[in-house]
Amino acid sequence: MKRRVLSIPEEKKYITVNSIYTAESYVSKNKKRYIILFLISMIYLLGFGCFTILKRQK
């Protein structure tokens, strides 16, 4: 498996990713992943909040 090394100059660090990713595509993929996780978390919290409010009203 080929890998690609991406540098983070501000932090003086390097990360190794699959060779199919460029820096832009890697960042884009991670942004999408974290946005989806955030939305799922918000949906869960809203659902739990609604459930709690409805439970108290009964």
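For the structure itself, consult the block above.
Residues numbered from 1 in each chain as written. Predicted model: local features only at pLDDT ≥ 70, side-chain atom pairs only at ≥ 80, totals over all residues. Heavy atoms only, no water.

Visitor: Please explain the packing of aromatic side chains as it appears in this structure.
Guide: Between two aromatic rings, the relevant description is the distance of the centres plus the angle of the planes. If you walk through the whole model with that rule in mind, you get two aromatic pairs. With centroids separated by 6.2 Å and ring planes inclined at 70 degrees, the aromatic side chains of Tyr 21 and Tyr 26 adopt a geometry described as edge-to-face. On the basis of relative accessibility, which here comes to 23%, the residue Tyr 26 falls in the partly exposed class. Plain terms: the ring middles of Tyr 44 and Phe 48 are 6.5 Å apart, the flat faces sit at 15 degrees to each other, and that makes the pair stacked. One end of the pair, Tyr 44, and the other, Phe 48, are both in helix H1 (residues 23–57), four residues apart, so they sit about a helical turn from each other. (Phe/Tyr/Trp six-rings, centres within 6.5 Å; stacked < 30°, edge-to-face > 60°. Buried < 20%, exposed > 50% of the residue type's maximum accessible area, 1.4 Å probe, protein only. Helix = DSSP H or I, 4+ residues; strand = E, 2+ residues; numbered from the N terminus.)

Visitor: What is the right way to read the pairing of strand E2 (residues 13–18) from this model?
Guide: Looking along a regular strand, one sees side chains alternate from face to face of the sheet. Pairing of strand E1 (residues 3–8) with E2 involves six bridges; the strand directions are antiparallel. Paired with Leu 6 across the two strands is Ile 15, which belongs to E2. (Pairing = 2+ DSSP bridges.)

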